Amino acid sequence: MGFSSRMDCCGQFVKYSLFIANFVMFVGGAIVFSLTLWTLVDRSFVNELLGTNLFSGAVYVLLVTSIIICLVSFLGCVGAGKEVKCLLLTYFIIVALVFVTMLIGGVLGYVFRERVQQTMRQEMRSTMALYGSRREITQAWDLTQERLQCCGVDTWHDWNRYGPVPESCCQELFGGQRKECTIFPTITNLYNQGCLYVATNFIRDHAAVIGGTSIAVAILMIFGMIFSCLLFNMIE
């Protein structure tokens, strides 16, 4: 296998361009993998409040996609370095499928973003009625309010329908001690922001980083497909 003398210079350029594009794509996939894994581990408690697997499901999809990107980019590097036409063809097909999947997922996520937030609000409100009666829901709400420093869904007044404000809404002083807010809750002794607002901001901030990295990876995937086709045709 190799290039003809006439195409040698151009072939080498395409070969190393494909190799570099896949190396950068591998790094990008690794970054997305790290971010999604950290998000899944650090914010998994929020999933209990949604009543569905919407949050963790989206993160798992990103996690699997980033793993596939890393494996495919490695395949592209080997195919380019060894000049194996079979690997290049396999690489092109997989990259095309992943690219289309990412494109469809991004469009659907953008179109239905408002509906997703409304669904989150409804599901979180429904779990408030189970606070104190179901252990996993109670723990999820306490963890969410303590770690995100929030209270209720939109405001701490949401808890008025179900009983006293949970102690996890009370502002922390030091050493794990908290202000008393369960009897006379005010804006001076409890967390003022709603958990939906804080959680949405958290997801939006991380989505911006993950989305920006994904866009860069998608652009590299386009170049990868172009270079793989060119290299495939140049190899004798």
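Residues numbered from 1 in each chain as written. Predicted model: local features only at pLDDT ≥ 70, side-chain atom pairs only at ≥ 80, totals over all residues. Heavy atoms only, no water.

Caption draft 1: Focus on the packing of aromatic side chains. Counted by the stated rule, this structure contains two aromatic pairs. Here Tyr131 and Trp159 contribute two aromatic rings whose centre-to-centre distance is 5.1 Å and whose plane-to-plane angle is 65 degrees, an arrangement assigned as edge-to-face. Of the two residues, Tyr131 is situated in the loop between helix H5 (113-128) and helix H6 (135-148) and Trp159 in the loop between H6 and helix H7 (195-234); the sequence distance between them amounts to 28 residues. An angle of 70 degrees between the planes, with centres 5.2 Å apart, marks the rings of Trp141 and Trp159 as edge-to-face. Taken together, the residues span a long stretch of sequence, with Trp141 in helix H6 and Trp159 in the loop between H6 and H7 at a distance of 18 residues. No difference in accessibility class separates Trp141 from Trp159, as the two residues are buried. (Phe/Tyr/Trp six-rings, centres within 6.5 Å; stacked < 30°, edge-to-face > 60°. Helix = DSSP H or I, 4+ residues; strand = E, 2+ residues; numbered from the N terminus. Buried < 20%, exposed > 50% of the residue type's maximum accessible area, 1.4 Å probe, protein only.)

Caption draft 2: Layout of the environment of Leu35. You can see Leu35 is positioned in helix H1 (residues 8-42). Under the relative-accessibility criterion, Leu35 is labelled partly exposed at 21%. With 28 residues separating them along the chain, Leu35 and Leu63 place their C-alpha atoms 8.8 Å apart.

Caption draft 3: Molecular detail of unusual backbone geometry. Look at Gln149: it is not a glycine, yet its phi comes out positive at around 55 degrees. On the secondary structure map, Gln149 appears in the loop between H6 and H7.

Caption draft 4: A look at the pattern of salt bridges. Under the definition given, this model contains five salt bridges. Of the charged contacts, one joins Arg125 and Asp158 as a salt bridge, the two residues approaching to 3.2 Å between their closest N and O atoms. Placement of the pair is Arg125 in helix H5 and Asp158 in the loop between H6 and H7, with a sequence separation of 33 residues. Owing to a relative accessible area of 7%, Asp158 belongs among the buried residues under this scheme. Ionic pairing is found between Glu146 and Arg178, a salt bridge with its closest N-O pair at 3.8 Å. Here Glu146, found in helix H6, pairs with Arg178, found in the loop between H6 and H7; they are 32 residues apart in sequence, far enough to count as distant. Through salt bridges with shared partners, a single network forms among Arg121, Arg125, Asp154 and Asp158. (Salt bridge = Lys/Arg side-chain N within 4 Å of Asp/Glu carboxyl O.)

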